[in-house]
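# Coordinates in review
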Amino acid sequence: MRTISENKCFGGVQGVYAHASEATGCEMTFGLFLPAEAADAPVPVLWYLSGLTCTHENAMTKAGAQKFAAEAGIALVFPDTSPRGEGVANDSAYDLGQGAGFYVNATEEPWAPHFRMWDYVADELPRVVTAAFDIDEDRQGITGHSMGGHGALTLAMRLPGRFRSVSAFAPIANPAASDWGRKQFTAYLGADEAKWLEHDATHLMREVGFDGEVLIDQGASDQFLDLLRPEALSQAMAARRQPGTFRMQAGYDHSYFFVSTFIPDHIAFHAEALWR
């Protein structure tokens, strides 16, 4: 692992690091905020998964999360959204290829050699982070925006016991039934739609749910509502009687203005679970 940058931030350190990834077969970059408390003892961690077209940098610089994480004494990890670099497959569309890994392990060509973002986020990056930094592995939460909200929800439900809390901002809630999902799942996973369901938050909510509380915020003026399908996830939560909150926020769109408005609520939600 190599250090790209480290900056003092709200009494802690905002770092950016790179490492050679076995999962993706290329160098991967991530951001990590450590609060001041990490100098003395392991701290809880909140994973933030970003959306389409983003890198590790978008949420790190736009969400305004560090101030509230510092106050709560928790670390933040900002992974990249896909493999990148020479020899890594790509597409001219913004919603496929580099910047659009969808947090799955691709099985189809030309994506299979590098696009293994499930293994990277679920297994490899946690091992890298906990080996190098003072992180409490028993106190983890996960959140994300849009494609990252999809990833956060599917990881939380498919890895029971890993995360104490999960939240999402405008998640792609039902990708198996949306053009933001069907296109990418066909490319990455093939035409068998049964294989897609383990990466569909609405399906997982119906089948297994989450063993804790869930917080979802969705902008009611989001320009991508038809692609996100929030109503499907809300109905699945209600049918399962999933503990948690699903909030439609009047007037808010899909941007980081929306995320930064409600990030204090989400960090407080996670902090309560992580310090319990």
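Residues numbered from 1 in each chain as written. Predicted model: local features only at pLDDT ≥ 70, side-chain atom pairs only at ≥ 80, totals over all residues. Heavy atoms only, no water.

Summed over the entire model, instances satisfying the criterion amount to 12 salt bridges. Across the pair Arg116 and Asp119 runs a salt bridge, and its minimum N-O distance is 3.1 Å. For the salt bridge of Arg158 with Glu198, the shortest nitrogen-to-oxygen distance reads 3.5 Å. Of the two residues, Arg158 sits in helix H4 (residues 147-158) while Glu198 sits in the loop between helix H5 (179-189) and helix H6 (201-207), which places them 40 residues apart along the sequence. The class of Glu198 is partly exposed, set by a relative accessible area of 39%. Through salt bridges with shared partners, a single ionic network connects Asp217, Arg247 and Asp265. (Salt bridge = Lys/Arg side-chain N within 4 Å of Asp/Glu carboxyl O. Helix = DSSP H or I, 4+ residues; strand = E, 2+ residues; numbered from the N terminus. Buried < 20%, exposed > 50% of the residue type's maximum accessible area, 1.4 Å probe, protein only.)

Ordered by their spatial adjacency, 9 strands build an open sheet running S1-S2-S3-S5-S4-S6-S7-S8-S9, and the pairing between neighbours is mixed. Each having just a single partner strand, strand S1 (2-9) and strand S9 (244-249) make up the two edges of the open sheet. Recorded for the sheet is a direction-independent mean angle of 20° between the axes of neighbouring strands. Bridge count between strand S4 (residues 43-49) and strand S5 (residues 75-79): 3 bridges; the pairing is parallel. From the neighbouring strand, Val45 faces S5, where its bridge partner is Ala75. Lying over the sheet, helix H3 (residues 117-132) contacts strand S2 (12-21), strand S3 (26-34), S4, S5 and strand S6 (135-144), oriented at roughly 120° with respect to S2. (Pairing = 2+ DSSP bridges. Axes fitted to C-alpha atoms, helices over the stretch in contact; angles between N-to-C directions. Contact = heavy atoms within 4.5 Å.)

All quantities given are derived from atomic positions and should not be read as evidence of function.
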